[in-house]
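Listed below are the residues making up each chain.
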Amino acid sequence: MNIILLGPPGAGKGTQAQRLVEKYGMRQLSTGDMLRAAVKAGTPVGLKAKAVMEAGELVSDEIVSALIGDELDAMGPAVGAIFDGYPRTAPQAVSLDEILTSRNRSLDHVIELDVNEDALVERITGRYTCATCGKGYHDTFEQPKVAGTCDKCGGHEFKRRPDDNEQTVRTRMAEYRAKTAPILPIYDARGIVTRVDGMADMDDVTAAIEAVLES
Ligand code: AP5
Ligand code: MG
């Protein structure tokens, strides 16, 4: 099964993708995570992407589609893909169709996380992750069970994203409204979109997504 998690910054795409990976053994393909890894490693892609990401704007369609194709090629054919933060523009949606078709895959579901943008700034500015394993946390909504220790790997170092400040978040949201939300009708026309209330408790959001995948 191959699915897209669609929603604005802070909607919970990464949070829910991590849970689906654990439950179903699917693979999370987050273009944001791939780009951040490229920035950290100082690769040519990372050098191009760094300033664009810090400004909250979109990296070029060619770069992100190439990253997705490479990741899919590195996966076993039987492993399902969760596209997190991709596609984000109409050309990326076209590329994804080509990428999937050429690998004998098809798109089963698009889950739209329906959220109230005003609440998302608080979600994003409170977010941090384990520096070792990447598990996500939040100052208010999801703290480690033992303060300062990652629940998943026992790590003690945590980090915050450089683009998680209010000004950049506003730009990221404007980019979502202008370029990403308009691709929904493509998938609506195929009858594969389910809207899930992304403002519900995290566990309820997970249950709603699981119900779609198991339907
Ligand atoms: P990317 O990394 O994709 O960021 P984003 O889309 O802005 O989304 P986020 O990761 O901020 O939010 P999320 O939906 O994953 O929320 P999360 O689960 O963490 O992209 C970053 C940048 O890379 C882009 O700006 C762009 O420059 C570039 N880029 C990436 N992909 C690209 C592409 N395809 N094309 C071009 N450029 C691209 O949740 C947020 C917080 O809220 C967490 O702390 C979580 O604990 C909490 N939370 C989650 N769900 C709930 C809930 N139900 N209730 C309460 N709290 C919750
Ligand atoms: Mg994310």
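Structure report, in brief.

### A word on the overall build of the chain
When you go through the chain residue by residue, the secondary structure sums to nine helices and eight strands. Here the chain has a C-alpha radius of gyration of 17 Å; the compact-globule value for 215 residues is 17 Å, and the two agree. For the chain, the proportion of contacts with a sequence separation of at least 24, taken over those separated by at least 6, is 68%. For the chain, the computed accessible surface area is about 10,600 Å², with 52% contributed by carbon and sulfur atoms.

### A short note on helix α5 (residues 90-101)
Its 12 residues place the ends of α5 17 Å apart at the C-alpha level, agreeing with the 16 Å of an ideal helix rising 1.5 Å per residue. Restricting attention to buried positions, one finds in α5 the residues Q92, A93, L96, I99 and L100. In a view along the axis of α5, the buried residues occupy a sector of 125 degrees, so they form one face of it. Relative to its buried face, α5 has exposed residues pointing more than 90 degrees away, namely E98 and T101. Check the buried side of α5 and you find it contacts β1 (2-6), α4 (61-73), β3 (81-84) and α8 (184-188).

### What to know about the side chain of K13
Along the polypeptide, K13 turns up in helix α1 (residues 13-24). Within the buried core, K13 has no salt-bridge partner, and the shortest N-O distance to an opposite charge, that of D84, equals 5.1 Å. Side-chain polar atoms of K13 contact the backbone oxygen of P8, separated by 3.2 Å. Excluding residues within four positions of it along the chain, K13 makes contact with L5, L6, G7, P8, D84, G85 and L113.

### Looking at the nonpolar core
Generally speaking, soluble globular proteins have nonpolar side chains that are buried together. Counting 29 residues, the largest nonpolar core has L72, F83 and Y187 as its most contacted members. Elements with a contribution of two residues or more to this core: β1, α2 (31-41), α3 (44-55), α4, β3, α5 and α8. Tallying contributions element by element places α4 first for this core, with five residues. If we skip the residues at most four places from it in the chain, L72 touches L29, A81, F83, I99, L100, R103 and R105. Judged by nonpolar contacts, the second largest core, of 20 residues, contains A17, M26, I82 and V169.

### Some words on the pattern of salt bridges
By the definition in use, this model includes 22 salt bridges. Among the ionic pairs, D203 bridges to R19, the shortest N-O distance being 2.9 Å. Of this pair, D203 sits in helix α9 (residues 202-213) while R19 sits in helix α1, placing them 184 residues apart in sequence. The exposure class of D203 is exposed, given its relative accessible area of 55%. The closest approach of N and O atoms between E166 and R170, which form a salt bridge, is 2.9 Å. Residue E166 and its partner R170 are both found in helix α7 (residues 166-180); the two are separated by four residues, about one turn of the helix. Here E166 falls in the partly exposed class, since its relative accessible area comes to 43%. What you see here is one network of salt bridges that share partners, running through R127, R161, D163, D164 and R172.

### Focus on the packing of aromatic side chains
A full pass over the atoms with the stated rule returns four aromatic pairs. Each ring, one from Y128 and one from Y137, has its centre 5.8 Å from the other, and the planes form 25 degrees; the classification is stacked. Across this residue pair, the class does not change: Y128 and Y137 are buried. Centre to centre, the rings of Y137 and F158 are 5.8 Å apart; their planes meet at 80 degrees, and the pair counts as edge-to-face. Placement of Y137 in strand β6 (residues 136-138) and of F158 in strand β7 (residues 158-159) is noted, with a sequence separation of 21 residues between them.

Conventions adopted
Residues numbered from 1 in each chain as written. Chains lettered and ligands numbered in written order. Predicted model: local features only at pLDDT ≥ 70, side-chain atom pairs only at ≥ 80, totals over all residues. Heavy atoms only, no water. Helix = DSSP H or I, 4+ residues; strand = E, 2+ residues; numbered from the N terminus. Rg over C-alpha atoms; globule rule 2.2 N^0.38 Å. Contact = heavy atoms within 4.5 Å. Areas by Shrake-Rupley, 256 points an atom, 1.4 Å probe, with all protein chains shown as cover. Expected span 1.5 Å × (residues − 1). Buried < 20%, exposed > 50% of the residue type's maximum accessible area, 1.4 Å probe, protein only. Arc of directions from axis to C-beta. Lys, Arg positive; Asp, Glu negative; His and termini not counted. Salt bridge = Lys/Arg side-chain N within 4 Å of Asp/Glu carboxyl O. Polar contact = N/O pair within 3.5 Å; in protein donor to acceptor, adjacent residues only side chain to side chain. Core = buried A, V, L, I, M, F, W, Y, C linked by side-chain atoms within 4.5 Å. Phe/Tyr/Trp six-rings, centres within 6.5 Å; stacked < 30°, edge-to-face > 60°.

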